Amino acid sequence: DTEVTQTPKHLVMGMTNKKSLKCEQHMGHRAMYWYKQKAKKPPELMFVYSYEKLSINESVPSRFSPECPNSSLLNLHLHALQPEDSALYLCASSQGGRGSGGYDTQYFGPGTRLTVL
Amino acid sequence: AQTVTQSQPEMSVQEAETVTLSCTYDTSENNYYLFWYKQPPSRQMILVIRQEAYKQQNATENRFSVNFQKAAKSFSLKISDSQLGDTAMYFCAFMLLSGGYQKVTFGTGTKLQVIP
């Protein structure tokens, strides 16, 4: 089973709202990722979690706040977003991060289509 | 920094024919992985094929194969016997370990249309 699930599929929010995106995998993977994908563009890495610890933050604005409560779950908390943050948010997971040898395939979820009004 | 270039924004192929998607990359590293991902209109990114840079033998997965030319930094994808379900955006991706963690750089994508 190489399934990564994401909820919700679609989200519309105002600039003053607080919302969260959720990602879940049950493959025993220890590395999880958030990507942002604008229309007709490639995914861009936002955050990397390895063994539930934030390992990489690609200079993402603080209005995006990631959280990894356990090895299967990854959340992205959203607050005071801007219309330009509207995009497809993709979650991915891979077998391991540091110490695993590293070159593992990333498996992607279907994404959450976010619209900020 | 690594860059990945896909010079064909859009391509089309007749069903059952063969098509090749091109990808070039730029890096000074010697150890890395390369991937082709497929993103159908339903949007889930699916792994098509991967290639370890240290392997000279080209990877194959059923109808999908790559032509990996390390010296030329080229990594093309050949799809044989194209099927309607192959219609999708195809991304070439370069993976490097940075501080022990994966960093993936994607190309801009090639939109492939399979014509019945």
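Residues numbered from 1 in each chain as written. Chains lettered and ligands numbered in written order. Predicted model: local features only at pLDDT ≥ 70, side-chain atom pairs only at ≥ 80, totals over all residues. Heavy atoms only, no water.

Enquirer: Now, about the sheet that holds strand S7 (residues 64-70) of chain A: what can you tell me, with residues and values included?
Expert: Residues and elements named next belong to chain A. The antiparallel open sheet is built from four strands, whose spatial order is S1-S3-S8-S7. A single partner strand is all that each edge strand has here, and the edge strands are strand S1 (4-7) and S7. For this sheet the average axis-to-axis angle between neighbouring strands, irrespective of direction, equals 20 degrees. Here S7 runs beside strand S8 (residues 73-79); their pairing, made up of five bridges, is antiparallel. What sits directly across from Asn-70, in S8, is Leu-73. (Pairing = 2+ DSSP bridges. Helix = DSSP H or I, 4+ residues; strand = E, 2+ residues; numbered from the N terminus. Axes fitted to C-alpha atoms, helices over the stretch in contact; angles between N-to-C directions.)

Enquirer: Could you give an account of the pattern of salt bridges, naming the residues involved and the relevant values?
Expert: Residue and element names in this part refer to chain A. Going through the model one piece at a time under the given rule, you end up with nine salt bridges over all chains. A salt bridge links Glu-24 to Lys-22, with the nearest nitrogen and oxygen atoms 4.0 Å apart. The residue Arg-63 makes a salt bridge to Asp-85 at a minimum N-O spacing of 2.7 Å. Of this pair, Arg-63 sits in the loop between strand S6 (53-57) and S7 while Asp-85 sits in the loop between S8 and strand S9 (87-94), and the two are 22 residues apart along the sequence. (Salt bridge = Lys/Arg side-chain N within 4 Å of Asp/Glu carboxyl O.)

Enquirer: How would you explain the side chain of His-29 of chain A if you had to name every residue and give the values?
Expert: Residue and element names in this part refer to chain A. As for its position among the elements, His-29 is in the loop between strand S3 (18-25) and strand S4 (31-37). Classification of His-29 by relative accessible area gives buried; the value is 8%. At 3.5 Å, the side chain of His-29 forms a polar contact with the backbone nitrogen of Ser-94. Non-local contacts of His-29, meaning those with residues more than four positions away in its chain, are made with Ser-71, Ser-93, Ser-94, Gln-95 and Tyr-107. (Buried < 20%, exposed > 50% of the residue type's maximum accessible area, 1.4 Å probe, protein only. Polar contact = N/O pair within 3.5 Å; in protein donor to acceptor, adjacent residues only side chain to side chain. Contact = heavy atoms within 4.5 Å.)

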